[in-house]
Amino acid sequence: MPHMEEVQVGVQSIERYRELLGDERFRELMTLADDIRRRLDGRVVWNVNSTARGGGVAEMLRPMLAYVRSMEIDARWMVISGNEEFFRFTKRIHHSLHGASGDGGPIDESRRQIYERVMEQNAHELFTLVEPGDVVLFHDPQTAGLLPHARRAGVTSIWRCHIGADVANEETRKGWDFLAPYLRCADRTIFSREEYIPSQVDRKKAVIIPPAIDAFSPKNQDMDDETVRAILVYTGIVEGPPGPGLRLFHREDGSPGRVDRRADIIRMGRAPTWDTPLVVQVSRWDTLKDHLGVMEAFAELANGRAPAEAELVLVGPNVHAVADDPEGAEVLSQMEVAWRALPHGTRNMVNLVCLPMADAEENAAIVNALQRHAAIVVQKSLKEGFGLTVTEAMWKGRPVIASKVGGIQDQVRHEQEGLLLDDPGDRDGFAEHVRRLLEDLGFADELGQRARERVREHYLVPRTLLQYAEVIRDLDEEGKHVGERPD
Ligand code: UDP
């Protein structure tokens, strides 16, 4: 089995958030950071998860740690190692916490040995680095088995779960029952929504911290119209001419980036023009994102001529690039078959776009351009953990139409920051929402403006930093003595 990996994280000044947060909130953040730095007294805050790239956790950790390090707090990131059997099993737990059966294999005592053996090997490595008094944030089920080791090592341990199900069922029970003995060793547990706290966890030790986005990442950074156009024309998503803009963006580390790869697109005839209103959904090719429902609802609505001559653009990653998601290729090819079955006149208005994945930041810049250019961003998920694509679109001031599931219902209040679909399977209702926003641009614009404000207020990285800092402070005040060195 390979060794644990330490991910090298950059440093990024939090100062860039001062203007967005306003002086008062920025000062509050800095005061709390000073307090935590004093309490830690040189001790380290470790993060432990199971992957350095790909997936929302890695995407969020990277900027967060860079900001924390700029506050002179030694935050580090370790990635566990495991064998195939282990990861197959933890993926099964992942599915179960979403309420799904995954590969249908067992989650019971017979698996505990496989799980614990890998945890033990990782613990052995981890706790030669981690010292008593350090704080360790463990992420997701793959790391929960390290909690008893953390307790024995005398470190303060927090477990953060990034997944959850709106309603408990037999599958969620199996997953949580399996994890429960480890979670009892955590000093705190963190969930994205109140509803995701399972009955197996001590509520008094549970805290809610919803995810957040980084306003300055390649996916969310400001981008002027000329750049958006240059990127969308170059990648082939929108018809030329590209205009005077350059297809440039700023990378995470501040260095310049340029979009150099094109999108792989299934469409009929010419690309939409720059003036064509686009209805856009960005998602992994996953059945729970209900691409088929979006396409068929749009086709029904368009039926020869869409309101405002709009087109639908369904966007996802290049499926051959995502080796650990075999389902992606399958879903995309089902979509292609369904697309070919659309009537000729409607097929014309539907574009299936696969984005290059070779460079994650380039991919993010293309997503950024697409979300900014969209007339409406939709997310008709059947289930959703949090729904970061909704947050991303809202930050760009776009009106969103999304299912009332998972964290989406926390982010969007119906008719305030977007339109919600009570029943995610309701295609007619969805089509009606699309028509309404395409025809009432004033209302769409109001929704978009309120959406950006909502994200600024609640879903940017500094808010999560404050909440994590409060968790560490509270543990310290409860006598966990964060940072206290043993005699
Ligand atoms: N995403 C991306 N490129 C793609 C498709 C998706 O960068 O081609 C990103 C998207 O912008 C978002 C994340 O993948 O940041 C998906 O997160 P979300 O919470 O919406 O769904 P999940 O994939 O976690 O179920």
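The notes below deal with the structure included here. (Residues numbered from 1 in each chain as written. Predicted model: local features only at pLDDT ≥ 70, side-chain atom pairs only at ≥ 80, totals over all residues. Heavy atoms only, no water.)

## Things to note about the site of the ligand
Here comes step 1: Around the ligand, the surrounding shell holds 14 residues, and the nearest of these are Lys 219, Arg 284, Lys 289, Leu 388 and Glu 392.
Here comes step 2: Taking Thr 389, its main chain carries an N or O atom lying 3.3 Å from an oxygen atom of the ligand.
Here comes step 3: Within the side chain of Glu 392, an N or O atom sits 2.5 Å from an oxygen atom of the ligand.
Here comes step 4: Out of a free accessible area of 540 Å², the ligand has 81% covered by protein chains.
Here comes step 5: When contributions to the shell around the ligand are tallied by element, the ones reaching two or more residues are β12 (311-317), α13 (360-373) and α14 (388-395).
Here comes step 6: Counting residues per element, the shell around the ligand draws most heavily on α14, at three residues.
Here comes step 7: For the shell around the ligand, the per-class residue count stands at four nonpolar, five polar and five charged. (Near = heavy atom within 4 Å. Polar contact = N/O pair within 3.5 Å; in protein donor to acceptor, adjacent residues only side chain to side chain. Areas by Shrake-Rupley, 256 points an atom, 1.4 Å probe, with all protein chains shown as cover. Helix = DSSP H or I, 4+ residues; strand = E, 2+ residues; numbered from the N terminus. Nonpolar A, V, L, I, M, F, W, Y, C, P; charged D, E, K, R; others polar.)

## Some remarks on the side chain of His 162
Here comes step 1: Considering the arrangement of structural elements, one finds His 162 in the loop between β5 (156-160) and α8 (170-183).
Here comes step 2: Only 2.9 Å separates the side chain of His 162 from the side chain of His 139, close enough to count as a polar contact.
Here comes step 3: Once residues within four sequence positions are removed from consideration, His 162 is found in contact with Val 57, Met 60, His 139, Asp 140 and Ser 192. (Contact = heavy atoms within 4.5 Å.)

## Observations regarding the pairing of β5
Here comes step 1: Counting buried residues in β5 gives five out of five residues, a clear majority hidden from the surface.
Here comes step 2: Covered by surrounding structure in β5 are Thr 156, Ile 158 and Arg 160 together with Ser 157 and Trp 159, the residues of both alternating faces.
Here comes step 3: In terms of strand pairing, strand β4 (residues 135-139) meets β5 through five bridges, oriented parallel. Considered in β5, the bridge of His 139 is made with Arg 160.
Here comes step 4: Where β5 lies against strand β6 (residues 188-191), three bridges are found, and the strand directions are parallel. Bridge pairing in β6 links Trp 159 to Thr 189.
Here comes step 5: Considered for its hand, the β-α-β crossover made up of β5, α8 and β6 is right-handed. (Buried < 20%, exposed > 50% of the residue type's maximum accessible area, 1.4 Å probe, protein only. Pairing = 2+ DSSP bridges. Right-handed = clockwise from strand over helix to strand, strands pointing away.)

## Let's talk about the sheet that holds strand β15 (residues 400-403)
Here comes step 1: Overall, mixed pairing links the seven strands, which are arranged β10-β13-β12-β11-β14-β15-β16 in an open sheet. A strand with exactly one partner marks an edge of an open sheet, and here the two such strands are β10 (264-266) and β16 (418-421). Pairwise comparison of adjacent strand axes, ignoring direction, gives a mean angle of 20° for this sheet.
Here comes step 2: Note that β12 and strand β13 (residues 350-355) share six bridges and pair parallel. Note on β13: the bridge partner recorded for Gly 316 is Cys 354. (Axes fitted to C-alpha atoms, helices over the stretch in contact; angles between N-to-C directions.)

## Some details on empty space enclosed by the protein
Here comes step 1: For the structure shown, the criterion picks out two cavities of 30 Å³ or more.
Here comes step 2: Its volume calculated, the largest cavity comes out at about 250 Å³.
Here comes step 3: Every residue lining the largest cavity is counted, 19 residues in all, and those nearest its centre are Val 68, Leu 465, Tyr 468, Ala 469 and Ile 472.
Here comes step 4: When its residues are assigned to classes, the lining of the largest cavity shows 18 nonpolar, one polar and no charged. (1 Å grid on protein atoms, 1.4 Å probe; cavity = no way out; pocket = protein on both sides within 12 Å on 5 of 7 lines; lining within 4 Å. Points joined across faces, edges and corners; volume = space filled by probe spheres on them.)

Scope: geometric values only; no functional claims are made or implied.
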